Amino acid sequence: SQTLMYAWEADKQMYPASLVKIMTALIAIEKGKLEDIVVASDTALSSVPADAVSAKLQVGEQMSLKDLLYCLLVGSANDAAIVIAEHISGDQTDFVSLMNEYAQEIGCTATNFVNAHGLHDEAQLTTARDVARILDKGMKNEEFRKIFTAKTHRIEATNMSDIRKLETSNNMFDSASKLYYDPRAIGGRTGVTQDGKRCIATAAESNGMLLISVVMGSESVYQEDGYSAISVGGYKETTSLLNAGFGGYKTVQIMYANQAMEQCKIANGDCDLVVGPK
């Protein structure tokens, strides 16, 4: 319903990292056909740094757009993002233009996309409020929702690769994670910015109510060795937000199909006009 339950610095511009992939997927689903077979080009794959998270796509490899989207949202594959962008728009530049146009259309006021994957760029900025708008739009799309809420996915062997088994790295979905597991979370996308701060956009459901939570710029707490994490930023904050939302609000139905709300007289009419909810 887009009812805002809580916000803090919701309009502060920050680096989105892999939250960018939410917009990439949404546009691809709306503009493309999931059954399309996409060929990975050298131009696309060579533009992604070798140390970036990837699906290890190879030049000339063929994969359906649907499987590429699973690589993107479940596996956070940066190479898949560029291959998708080329398939939809011909090149990443034109695809990014689509991303920015779409952002404006749905009411994003402080977002500037520069690439399709979210790898760091000083000019690539958005806000928690804008990310929530994008994810809200996505969750209303059945195909997006199906892929976004997947925890695992199997991709059959392609012309150049064996079977791939994708598994989300989001700890909120891992029942073995006593610190972060939250059974209410049904979908999420995480990201880490250049300075090590973390972002997480989450969709959660309980008692018939769907909530969207966006946390950006959270910091992890480490042991004295500076390496072992005591607390990974974003997860606990998300659970606190979900607790507040589900604990403080409930959904109620106030109107029903075929319910007569009012009966209006029509001048010179043979009968009254009955008004009700669509």
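My aim in this report is to walk through the structure given alongside it, one point at a time. (Residues numbered from 1 in each chain as written. Predicted model: local features only at pLDDT ≥ 70, side-chain atom pairs only at ≥ 80, totals over all residues. Heavy atoms only, no water.)

1. Brief notes about the side chain of Arg 164
Structurally, Arg 164 is set in strand 4 (residues 164-167). For Arg 164, a relative accessible area of 10% puts it in the buried group. A polar atom in the side chain of Arg 164 sits 2.8 Å from the side chain of Glu 61. A distance of 3.3 Å separates the side chain of Arg 164 from the side chain of Ser 161, its partner in a polar contact. When near neighbours in sequence (up to four residues on either side) are disregarded, Arg 164 contacts Ala 55, Lys 56, Leu 57, Glu 61, Met 63, His 153, Arg 154, Ile 155 and Thr 158. (Helix = DSSP H or I, 4+ residues; strand = E, 2+ residues; numbered from the N terminus. Buried < 20%, exposed > 50% of the residue type's maximum accessible area, 1.4 Å probe, protein only. Polar contact = N/O pair within 3.5 Å; in protein donor to acceptor, adjacent residues only side chain to side chain. Contact = heavy atoms within 4.5 Å.)

2. A look at the packing of aromatic side chains
Within this structure, the stated rule accounts for two aromatic pairs. Considering the side-chain rings of Phe 144 and Phe 148, the 5.3 Å spacing of their centres and the 20 degrees angle between planes classify their relative orientation as stacked. Highlighted residues: Phe 144 and Phe 148, both in helix 7 (residues 142-148), separated by four residues, approximately one helical turn. The class for Phe 148 is buried, based on a relative accessible area of 3%. Note on Tyr 180 and Tyr 235: the rings are 4.9 Å apart at their centroids and 35 degrees apart in plane angle, and the pair reads as tilted. Residue Tyr 180 is found in the loop between strand 4 and strand 5 (185-192), and its partner Tyr 235 is found in helix 8 (residues 235-248); the two are separated by 55 residues along the sequence. (Phe/Tyr/Trp six-rings, centres within 6.5 Å; stacked < 30°, edge-to-face > 60°.)

3. A closer look at the pattern of salt bridges
Counted according to the given criterion, the structure contains ten salt bridges. One salt bridge in this structure joins Glu 205 and Arg 145, with 3.2 Å as the shortest N-O distance. Within this pair, whereas Glu 205 is found in strand 6 (residues 198-206), its partner Arg 145 is found in helix 7, the two being separated by 60 residues in sequence. In this structure, the salt-bridge partner of Arg 184 is Asp 182, at a minimum N-O distance of 2.8 Å. In terms of burial, Arg 184 and Asp 182 fall into one category: buried. (Salt bridge = Lys/Arg side-chain N within 4 Å of Asp/Glu carboxyl O.)

4. Describing the sheet that holds strand 7 (residues 209-218)
Taking strand neighbours across the sheet as the criterion, the three strands line up as 5-6-7 in an open arrangement whose pairing is antiparallel. In this open sheet, the two strands that pair with only one neighbour each are strand 5 and strand 7. Neighbour-to-neighbour, the strand axes of the sheet open up by a mean angle of 10 degrees, direction not taken into account. Pairing between strand 5 and strand 6: seven bridges, direction antiparallel. Following the sheet pairing, Gly 191 is matched in strand 6 by Cys 199. Against the sheet, helix 6 (residues 128-139) makes contact with strand 5, strand 6 and strand 7, and its axis sits at roughly 145 degrees relative to strand 7, the strand it touches most. (Pairing = 2+ DSSP bridges. Axes fitted to C-alpha atoms, helices over the stretch in contact; angles between N-to-C directions.)

5. Concerning the pairing of strand 6
With eight of nine residues buried, strand 6 lies mostly within the body of the structure. Joining the antiparallel neighbours strand 5 and strand 6 is a turn of five residues, in which Gly 196 adopts a positive phi near 90 degrees. Pairing geometry for strand 6 and strand 7, over eight bridges, is antiparallel. Its bridge partner being in strand 7, Ala 204 is matched across the sheet by Leu 211. The antiparallel hairpin formed by strand 6 and strand 7 contains two residues in its connecting segment, where Asn 207 sits at a positive phi of about 50 degrees.

Purely spatial values, then, with no claim about function.
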